[in-house]
Each structure stands twice: as C-alpha cells, then as structure tokens.
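For reference, the chains in residue letters:
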Amino acid sequence: MIAITGASGNLGKAVLSFLLQKTQAANIVAVVRDPQKLTDFAGTGIQIRKADYNDPESLDTAFRGVEQLLQVSSANYGEQAIREEQNVVAAAVRQGVGHIVYTSTLNPSESPVFWGGQTCVRTEKTIREAGMRYSVFRNSMYMETIPLFIGSAMEDGQIYFSAGNGAISFVSRIDIAEGISNVLLQPEAGNRVYEVTGEKAFTFADVAALLEKNKKISCAYTDVPQEILKEELINAGLPEEEAVFYLNMGDSIKAGEFALVSPQLEKLLGKKRLTAEAYLAQILRNSEVNAG
Ligand SMILES: NC(=O)c1ccc[n+]([C@@H]2O[C@H](COP(=O)([O-])OP(=O)(O)OC[C@H]3O[C@@H](n4cnc5c(N)ncnc54)[C@H](OP(=O)(O)O)[C@@H]3O)[C@@H](O)[C@H]2O)c1
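Owing to the predicted nature of the structure, the values given are computational and were not obtained by experimental measurement.

## As for the site of the ligand
Now for step 1: Residues in close proximity to the ligand total 20 residues, the closest being Ser8, Arg33, Ser73, Ser74 and Tyr142.
Now for step 2: Contacts to the ligand include Arg33, whose side-chain N or O atom sits 2.8 Å from an oxygen atom.
Now for step 3: Starting from 890 Å² of accessible surface for the ligand in isolation, the protein chains cover 77%.
Now for step 4: The two domains that each donate at least three residues to the shell around the ligand are domain 1 (2-139) and domain 2 (140-171 + 198-260 + 274-292).

## Some thoughts on the sheet that holds strand β8 (residues 192-196)
Now for step 1: On the basis of which strands lie adjacent, the open sheet formed by seven strands has the order β3-β2-β1-β4-β5-β6-β8 and parallel pairing. Lying at the two open borders of the sheet, with one neighbouring strand each, are β3 (47-50) and β8. Along the sheet, successive strands turn relative to each other by an average axial angle of 20°, direction set aside.
Now for step 2: Bridge analysis of strand β1 (residues 2-4) against strand β2 (residues 28-32) gives three bridges, and the strand direction is parallel. Residue pairing for β2: Ala3 is matched across the bridge by Val29.
Now for step 3: Helix α7 (residues 173-184) rests against β1, β4 (68-71), β5 (99-105), β6 (133-139) and β8 of the sheet, and its axis sits at about 170° to β6.

## Quick word on the pattern of salt bridges
Now for step 1: Enumeration according to the criterion identifies eleven salt bridges in this entry.
Now for step 2: With its nearest N and O atoms 2.7 Å apart, the salt bridge here joins Glu124 to Arg138. With Glu124 in helix α4 (residues 116-130) and Arg138 in strand β6, the pair connects residues that are 14 residues apart, well separated along the chain. Pair check on accessibility: Glu124 and Arg138 agree, each one buried.
Now for step 3: When the shortest N-O distance is used, the salt bridge between Glu178 and Lys271 registers 2.9 Å. Of this pair, Glu178 sits in helix α7 while Lys271 sits in the loop between α11 (264-269) and α12 (276-291); the two residues are 93 residues apart in sequence, bridging distant segments of the chain.
Now for step 4: Counted as one network, the salt bridges with shared partners bring together Glu124, Arg128, Arg138 and Glu195.

## Structural notes on the domain arrangement of the protein chain
Now for step 1: Assigned domains of the protein chain: these are domain 1 (2-139) and domain 2 (140-171 + 198-260 + 274-292).
Now for step 2: Between domain 1 and domain 2, the residue contacts involve eleven residues of the former and 16 residues of the latter.
Now for step 3: Taken over both partners, the interface formed by domain 1 and domain 2 buries close to 1,200 Å², and the fraction arising from carbon and sulfur atoms is 66%.
Now for step 4: Looking only at domain 1, the three residues that lose the most surface to domain 2 are Leu106, Val113 and Phe114, adding up to 47% of its buried area.
Now for step 5: The tally of links from domain 1 across to domain 2 stands at zero salt bridges.
Now for step 6: Linking domain 1 with domain 2 are six residue pairs in polar contact (both at pLDDT 80 or more), by the criterion used here.
Now for step 7: Its residues assigned to classes, the side of domain 1 that touches domain 2 shows seven nonpolar, three polar and one charged.

## Some remarks on the environment of Leu184
Now for step 1: By secondary structure assignment, the location of Leu184 is in helix α7.
Now for step 2: Ignoring sequence-local partners within four residues, the contact set of Leu184 consists of Ile2, Ile4, Val15, Leu19, Gln68, Leu69, Leu70 and Val101.

## Topic: the side chain of Asp60
Now for step 1: Mapped onto the elements, Asp60 comes out in helix α2 (residues 56-62).
Now for step 2: A distance of 3.1 Å separates polar atoms of two side chains, one belonging to Asp60 and the other to Gln95.
Now for step 3: When sequence neighbours within four positions are dropped, the list of residues in contact with Asp60 reads Ala91, Arg94 and Gln95.

## A few points about unusual backbone geometry
A negative phi angle characterises most non-glycine residues, just as the trans form characterises most peptide bonds.
Now for step 1: One non-glycine residue, Asn107, adopts positive backbone phi at about 55°.
Now for step 2: Position of Asn107 relative to the elements: it lies in the loop between β5 and α4.
Now for step 3: The class of Asn107 is partly exposed, set by a relative accessible area of 39%.

## Considering the packing of aromatic side chains
Now for step 1: Taken as a whole and judged by the stated rule, the model has twelve aromatic pairs.
Now for step 2: Aromatic side chains Phe114 and Phe258 sit 5.5 Å apart centroid to centroid with 65° between the ring planes, which places their arrangement in the edge-to-face category. In this pair, Phe114 sits in the loop between β5 and α4 while Phe258 sits in the loop between α10 (240-254) and α11, placing the two residues 144 residues apart along the sequence. Both residues of the pair, Phe114 and Phe258, count as buried.
Now for step 3: Relative to Tyr246, the ring of Phe161 has its centre 4.8 Å away and its plane inclined at 40°; by these criteria the two rings are tilted. Of this pair, Phe161 sits in strand β7 (residues 158-161) while Tyr246 sits in helix α10, and the two are 85 residues apart along the sequence. The same class applies to Phe161 as to Tyr246, namely buried.
Now for step 4: Taken together, the ring pairs connect Tyr77, Phe114, Trp115, Phe245 and Phe258 into an aromatic cluster.

What counts and what doesn't
- Residues numbered from 1 in each chain as written.
- Predicted model: local features only at pLDDT ≥ 70, side-chain atom pairs only at ≥ 80, totals over all residues.
- Heavy atoms only, no water.
- Near = heavy atom within 4 Å.
- Polar contact = N/O pair within 3.5 Å; in protein donor to acceptor, adjacent residues only side chain to side chain.
- Areas by Shrake-Rupley, 256 points an atom, 1.4 Å probe, with all protein chains shown as cover.
- Domains from an automatic or database assignment.
- Pairing = 2+ DSSP bridges.
- Helix = DSSP H or I, 4+ residues; strand = E, 2+ residues; numbered from the N terminus.
- Axes fitted to C-alpha atoms, helices over the stretch in contact; angles between N-to-C directions.
- Contact = heavy atoms within 4.5 Å.
- Salt bridge = Lys/Arg side-chain N within 4 Å of Asp/Glu carboxyl O.
- Buried < 20%, exposed > 50% of the residue type's maximum accessible area, 1.4 Å probe, protein only.
- Buried area = accessible area lost by both parts, 1.4 Å probe.
- Nonpolar A, V, L, I, M, F, W, Y, C, P; charged D, E, K, R; others polar.
- Phe/Tyr/Trp six-rings, centres within 6.5 Å; stacked < 30°, edge-to-face > 60°.

Listed below in structure tokens is the structure:
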C-alpha cells in the first residue's frame, strides 16, 4: 500500500491524481487532517485516513500496513517543523514502512540562509539512519509561487523584492508530483537523493524580461531594501511573522541557495519539464481570458 501525507495540499493532491492513473485505487491511502478537504476524490476508491503530524498515535494508525510512504514536509518552520517531521519518520519506522519518499529543499544544511533547510537536513539524517529505503526530493521553488512573488507585475510590469541578483531554478509542482508518483511505483527505488529543479535558473530581472516579452508592456525588477519591503508587506496586511519568513526567502535566493540546476527530474519523468517561459505565457493567457 502507498500512503500520501499532506494529501489535501497542492502537491499531495497532484500525487494522488498521478497514482490513480498508474495503480489501483485500493493501493492508495490519503493521509489528511481533515477528510472534508478530499471531496474531489470521493468515489475514486482510495482510502482516506485521518492523522496529524503532532499526534503520533494518529500517524501510527494511518501508516498501518503501508509499504511506501510519501512524507510531505511540514508547513511550519523552526522547532515545530522539526518535531512534526520527526514524528512522521518515527511512526513510519514503528509501522515497518519499507520505503519513504521525503520532500526536502535544495541545499539543506545545519546553517543555511533559508530556515526550512535546517529542518530538512535533520529529517534527511533521521531518515537515512532509520534503515528504511529512502528517496529524498530536494525541491527547488515551485513555479506556481511566481505569481505570489511578482504580485501585481502581471498588470503593471513592476516586480519588487529583495532577492538581489539571485537566481531560482523554478520547477513545476505538477512535474514534481509526477516524479514522486514514478518513484513510489518503482519497486527497486531507494537510497537516492534527487535535486529537483527546472531546466534553467532565473533572476527576478529575467522574470521581468519574460513578462515584457509575453505581455508587451515595459517590465522591471526593483531590489527593495529589506526594511522598506517589510514595512510595505505589513502595511498590506501580512502578519509580521510571515513578512519575516518572506524576507528570509529573499536572503536565501540572494545567497544562491535556489540556483542549482539539475537534469535529474527530467530523467525521472522521461520527458521535458515545464519551462518557466511556458508557465508564464500560460498564466498570462489565463489572466487575459478571465479579464476579458
Ligand atoms: N518548494 C516550494 O516552493 C514550496 C513552497 C511552499 C511549500 N513548500 C513545502 O512543500 C510542502 C508541500 O507543498 P504544498 O504546495 O502541497 O503545500 P500545501 O498546499 O500548503 O499543503 C500542505 C499539506 O500539509 C498538510 N499539513 C500541514 N500541517 C499538518 C499537520 N500538522 N498534520 C498533518 N498534515 C498537515 C496540510 O493539511 P491541511 O490541508 O489540513 O492544512 C496540507 O495537506 C509544504 O508543506 C511545504 O513544506 C515548498
């Protein structure tokens, strides 16, 4: 049996959809906090089990009989995230899971600029030492985060952030999900770390140039001093904690932590990955259709 944690999230749902195309529904277990969030999958025949990363007993029950497990990383950060992720690995070990697939981040380390990297390095180590087969997906930033980063630039062409000239190897979350589903279904998979990236890395100036090409308006990226950006974000209604997390991402990008480009995902998919150019053209077309 294959279980997917975070199955109500964007990545988890996409993995479920690929698995449903490739294996019998009876083999699939979706692990969620709130089964109401999986109504799209009602009637597909998958099992839905309820568990919370903070409740080890619920994880034990959810992982019973599971051979392959996708561990979707915590949505928190810091000590809370570390605790949640350690709970998942410990329950997987107790339940005799044979193969765990974990969604990590690019460049995890003891002292990364990106806070998430510290959680991931700990979880990766615990998984490696636990004795199960493992596949680690060190994901770059999702392409689907581009609209969040560029804000109103799709209308006015102006991108404001504090990522300097740092580049990001944006990768499609759908491609990641397909790659994960392939690995979950390979009986021989395991003990591998995949650097999961798009085929090129883009600075925000590059993103502005792509926008300009597709949108036929003048576009530019302005690197905003952090204090000013923080104030703007808070004034726009973002809680301070989230604003600080966002600035930390900018620092991490500036430090080059998301710039790595690797062909590994393309090999796993056996086809070309979605490019940032194609993705941007597609969302601009959709926004024009919706506006019209
Ligand atoms: N590479 C990137 O650019 C990037 C960007 C954002 C996030 N991430 C990481 O990648 C993960 C997956 O991405 P995504 O887009 O699928 O995120 P998402 O849509 O926010 O989904 C997160 C999933 O985790 C579940 N979850 C959160 N806290 C939980 C808990 N205490 N117990 C059980 N389940 C819990 C959520 O359940 P509910 O539906 O009940 O909340 C949801 O199913 C995220 O959790 C985050 O660690 C990566």
